[in-house]
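Report on the structure
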Amino acid sequence: MAHIVVIDDSPTEVYVLQQILERHGHQVSVANSGEEGIELVRQVRPDAVLMDVVMPGMNGFQATRTLNKDSETSGIPVIIVTTKDQQTDRIWGMRQGAKEYLVKPVKEADLIDVLKSVLG
């Protein structure tokens, strides 16, 4: 199926997301920080990115904006997956270029539906 990059500093969250994605036949690559994630996305050119927001160093909003402004990666859809559930966070995430915004803990069906929609 699709190649998905998960950018999240929580090993537990990475494990949960990876299990869901692999169960649905997707290939998964993982980065543990915004900076590492940007480099990984540039290297592997995934079909989509799942981006946490709260991470040390570059946060997910900054990393999403960086990917969206880079001509090499701007066509790769970013889905923010975060515990930040305020409407202002959602609006800000979408303004940074995210295609979708999911709040943790994410339901498997919601994640797969959103992925199908951004992957076309």
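Heads up: these notes are all about the structure in this document. (Residues numbered from 1 in each chain as written. Predicted model: local features only at pLDDT ≥ 70, side-chain atom pairs only at ≥ 80, totals over all residues. Heavy atoms only, no water.)

Attention shifts here to the nonpolar core. If you look at the biggest cluster of nonpolar residues, it comprises 19 residues, and the most contacted ones within it are Leu21, Leu50, Ile79 and Leu111. Of all the elements in the fold, those that place two or more residues in this core are β1 (3-7), α1 (11-23), β3 (48-51), β4 (78-82) and α5 (108-119). If one sorts the elements of this core by residue count, α5 sits on top with 5 residues. Setting aside residues up to four positions removed in sequence, Leu111 forms contacts with Leu17, Ile20, Leu21, Leu50, Leu102 and Val106. Of all hydrophobic cores here, the second largest spans 18 residues; its members include Val5, Ile7, Ala31 and Val78. (Core = buried A, V, L, I, M, F, W, Y, C linked by side-chain atoms within 4.5 Å. Buried < 20%, exposed > 50% of the residue type's maximum accessible area, 1.4 Å probe, protein only. Helix = DSSP H or I, 4+ residues; strand = E, 2+ residues; numbered from the N terminus. Contact = heavy atoms within 4.5 Å.)

Once that is clear, we can look at the packing of helix α2 (residues 34-44) against helix α3 (residues 60-69). Following both chains from N to C, one finds α2 and α3 inclined at 25°, their axes separated by 9 Å at the closest point. Here α2 is positioned roughly parallel relative to α3, judged by the angle of their axes. Between α2 and α3 the crossing geometry is right-handed. Residues Gly34, Ile38, Val41 and Arg42 of α2 pack against Ala63, Thr66 and Leu67 of α3. Residue classes in the contact of α2 with α3 are distributed as 4 nonpolar, 2 polar and 1 charged. (Axes fitted to C-alpha atoms, helices over the stretch in contact; angles between N-to-C directions. Parallel < 35°, antiparallel > 145°, perpendicular 65-115°, else oblique. Left-handed = near helix turned anticlockwise from the far one by under 90°. Nonpolar A, V, L, I, M, F, W, Y, C, P; charged D, E, K, R; others polar.)

Strand order in this open sheet of 5 strands is β2-β1-β3-β4-β5, and the pairing throughout is parallel. Where the open sheet ends on each side, the last strands, each with one partner, are β2 (27-31) and β5 (100-103). Here the strands of the sheet are splayed against their neighbours by 20° on average, with no regard to which way each runs. Sheet contacts for α1: β1, β2 and β3; angle to β2, the most-contacted strand, approximately 165°. Helix α4 (residues 87-95) contacts β4 and β5 of the sheet and is inclined by roughly 145° relative to β5. (Pairing = 2+ DSSP bridges.)

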